[in-house]
Amino acid sequence: MKAPELLLPAGNLDKMRAAYDFGADAVYAGQPRYSLRARNNEFKLEELKTGIEEAHARGKLFFVASNILPHNAKIKTYLADMEPVIAMNPDALIMADPGLIMMVREKWPHVPVHLSVQANTVNHMGVKFWRKLGLTRVILSRELSLDEIAEIRQECPDIELEVFVHGALCIAYSGRCLLSGYFNHRDPNQGTCTNSCRWDYKVHDTRGDDAGDVEVIRFDFGKALEEANQSFAACGGAERHPLADKTYLIEESSRPGELMPIIEDEHGTYIMNSKDLRAVEHVARLAQIGVDSLKIEGRTKSLYYVARTAQVYRRAIDDAVAGRPFDPSLLAELEGLANRGYTDGFLERHHTQDYQNYMSGHSQAHRSQYVGEVLEVDGEGWALIDVKNRFAVGDRLEIIHPSGNRTVPLTTMLRDGEPVEVAPGNGVKVRIPGMTGMDKALIARLF
């Protein structure tokens, strides 16, 4: 079995280096003006040049995302702005817009182009279309099942396929959402999404009059839900839920008074926030299918996120290729990352109850929290820790390092040369012993 490429996000050079240190084969970064991370993106031209040079020196790959769907103003400047980027010899451009792809293919036909997930490719004929235009890889839509991916692979053996396996999921088809543009006039497909689907919303009840107008009622939603559930249980669940035909209004916390309807119909309830994608348990199947690249989302995520996901998915890939069974502890190692709850998305449409219990049980068995980063280690093995979250003497710490992880009890700690019991949180620096050879390590507290 061929090992698929492990592709990690790089929001800056430090995260790129961590990705490579912990097992990534390739990273992707974007120009702020032409990628979908126009905000929170530290890769200017100088950083792109440094990143590409360092990647190639390590025998790794570096892809540049240029995947906006541009309006006319950006078309006019695109080729001129891309000239210096192409001169840096990136390993591929990640693109979505057919017009920009045509321009690049005409001017630089030697440059590999990967089709972005933004293009929403969901069938093998779409893949064949882009292959005919000279693209070398298609990043498949997140809305595909494993069986559909396998069928595309069978029908399209002569082009690389890439699949997302971890990270945030969009409530719309891969970024085609209007919420951010509606609220803030920031277009997701222009790289300025404000993630409006994940804001804090409150629910308000309504009452309709004979004219069809809606009046807001202040109420206790929890109490109303409890009463409705009692009524639903009394009728044996055979009828439609009493709340299903009501109209509620949601109110975002920073926009008081702006009330928007949220409705349930026969297809379900339209809640905007999505769980995060975690498909580490499907790595072996994706490798068997012949997927060429497994991609992790998160150019705005932390260095810890990059290191931990790279390490976990590297182990999953290596185990799959070696024929070893899936290690359920990998599920738990990803629980320590900030997440909105996990799902494997559309990859597996129907889970049995046994499978769901298996996933839940292992995910909760080994919990951790990121608490610090090693800045330096002195000659006596004392490591200077940049504290990110609280930890204390007596805690069990996981030392996360490219050479392998280990668990140690914390028996002593120094701050400014004096013994302390607690590292209270972000902004504090402490020293802990027994860290010889643990440069570049990250620290997690186990609980």
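See above for the structure.
To start, this report covers the structure provided alongside it. Remember, predicted model here, so these are calculated numbers, not experimental data.

**Quick notes on the environment of L93**
Relative to the helices and strands, L93 is located in strand β4 (residues 92-95). Separated by 23 residues in sequence, L93 and S116 place their C-alpha atoms 9.2 Å apart. Ignoring any residue separated from it by four or fewer positions in sequence, one finds L93 in contact with V64, M82, I86, V104, V111, P112, V113 and H114.

**Details of the nonpolar core**
Counting 89 residues, the largest nonpolar core has L8, F62, L140, I149 and Y313 as its most contacted members. The element contributing the most residues to this core is helix α10 (residues 303-322), with ten residues. Discounting chain neighbours no more than four positions away, the residues touching F62 are M16, Y20, V27, A29, F43, L48, G51, I52, A55, P90, D91 and A92. Counting 19 residues, the second largest nonpolar core, distinct from the first, contains V387, I399, I432 and M435.

**What about helix α6 (residues 146-155)?**
Residues of α6 that are buried include every one of L146, I149, I152 and R153, and no others. Projected onto a plane normal to the axis of α6, the buried residues spread over an arc of 120° and lie on a single side. Exposed residues on α6 whose side chains face more than 90 degrees from its buried face are D147 and Q154. The elements touched by buried residues of α6 are α5 (124-132), β7 (160-167) and α9 (283-289).

**Description of the packing of helix α1 (residues 13-21) against α10**
Interaxial distance between α1 and α10 falls to 8 Å at its minimum, and their mutual angle equals 15°. One way to sum up the angle between α1 and α10 is to call them roughly parallel. Considering how the two elements wind past one another, α1 and α10 form a crossing that is right-handed. Every residue of α10 that contacts α1 at D14, K15, A18 and A19 is listed here: L303, V306 and A310. Grouping the amino acids of the contact of α1 with α10 by side-chain chemistry returns five nonpolar, no polar and two charged.

Calculation notes
Residues numbered from 1 in each chain as written. Predicted model: local features only at pLDDT ≥ 70, side-chain atom pairs only at ≥ 80, totals over all residues. Heavy atoms only, no water. Helix = DSSP H or I, 4+ residues; strand = E, 2+ residues; numbered from the N terminus. Contact = heavy atoms within 4.5 Å. Core = buried A, V, L, I, M, F, W, Y, C linked by side-chain atoms within 4.5 Å. Buried < 20%, exposed > 50% of the residue type's maximum accessible area, 1.4 Å probe, protein only. Arc of directions from axis to C-beta. Axes fitted to C-alpha atoms, helices over the stretch in contact; angles between N-to-C directions. Parallel < 35°, antiparallel > 145°, perpendicular 65-115°, else oblique. Left-handed = near helix turned anticlockwise from the far one by under 90°. Nonpolar A, V, L, I, M, F, W, Y, C, P; charged D, E, K, R; others polar.

Keep in mind these numbers describe shape, not what the thing actually does.
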